[in-house]
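Coordinate analysis (summary)
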Amino acid sequence: QTRLVESGGGSVQTGGSMRLSCTSSRLALADYAIGWFRQTPGQEHEGVLCINMFNGITTWTDSVVGRFTISRNNAKNTVDLQMNSLRLEDTAVYFCAAASICTKWGQNDYWGQGTQVTVSS
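What counts and what doesn't
- Residues numbered from 1 in each chain as written.
- Predicted model: local features only at pLDDT ≥ 70, side-chain atom pairs only at ≥ 80, totals over all residues.
- Heavy atoms only, no water.
- Helix = DSSP H or I, 4+ residues; strand = E, 2+ residues; numbered from the N terminus.
- Salt bridge = Lys/Arg side-chain N within 4 Å of Asp/Glu carboxyl O.
- Buried < 20%, exposed > 50% of the residue type's maximum accessible area, 1.4 Å probe, protein only.
- Pairing = 2+ DSSP bridges.
- Disulfide = S-S within 2.5 Å.

Next up on the list: unusual backbone geometry. Among all residues save glycine, negative phi is the norm, and among peptide bonds the norm is trans. Positive phi values are uncommon outside glycine, yet Asn55 reaches one of about 70°. Position of Asn55 relative to the elements: it lies in the loop between strand 5 (46–51) and strand 6 (57–59).

Here is the structure:
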């Protein structure tokens, strides 16, 4: 079910930066592992980064290492994805999702509606 809301998407040029934010009016994100995923047309959801409730990080996509950072701001009830040095292949709809742990995802986990990120030259 849709329980999360992503924001911050838009259009950016290659090499630029963008910050996405995930929040919820119903869930305390501090109680969940929060993952960022992305999807392009014809592709399955690709896991990007995940942060667990103890702030341990799981990296699912090697191409974002050194460029993307996931972090929590519990005062704002958000989990953010800071994206730097953006590339054309980063173009996708970005989703956040909540689960118990970063390594187990099931049909009862919560998702957002997605936000479009378009990188152009």
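The full count for this structure, using the stated rule, is four salt bridges. With a shortest N-O distance of 2.8 Å, Arg38 and Glu46 are connected by a salt bridge. Residue Glu46 is classed as partly exposed on the basis of its relative accessible area, which comes to 33%.

Examined bridge by bridge, strand 1 (residues 2–7) and strand 10 (residues 110–112) share two bridges and lie parallel to one another. Directly across from Thr2, in strand 10, lies its bridge partner Trp111. With three bridges joining them, strand 1 and strand 3 (residues 18–23) adopt antiparallel strand pairing. The residue of strand 3 that forms the bridge with Val5 is Thr23.

Here strand 4 (residues 33–39) lies mainly inside the structure; six of its seven residues are buried. When strand 4 meets strand 9 (residues 92–99), the two strands line up antiparallel, connected through seven bridges. Each bridged residue has a counterpart across the sheet, and for Trp36 the counterpart in strand 9 is Cys96. Judged from the five bridges that link them, strand 4 and strand 5 form a sheet pairing that is antiparallel. Each bridged residue has a counterpart across the sheet, and for Arg38 the counterpart in strand 5 is Glu46. Counted along the chain from strand 4 to the antiparallel partner strand 5, the turn is six residues long, and its residue Gly42 has a positive phi close to 80°.

We now examine the state of the cysteines. Scanning the entire structure with this criterion turns up two disulfides. Disulfide pairing is shown between Cys22 and Cys96; the S-S distance is 2.1 Å. Negative torsions about the S-S bond denote left-handed disulfides, and the value of about 75° found for Cys22 with Cys96 makes this one right-handed. Linking Cys22 in strand 3 with Cys96 in strand 9, this pair joins segments that are 74 residues apart in sequence. Assigned by exposure class, Cys22 and Cys96 land together as buried. Sulfur-sulfur distance for the disulfide between Cys50 and Cys102 comes to 2.1 Å. Measuring the twist about the S-S bond at about -85°, one finds the Cys50-Cys102 disulfide to be left-handed. With Cys50 in strand 5 and Cys102 in the loop between strand 9 and strand 10, this residue pair connects regions lying 52 residues apart in the sequence.

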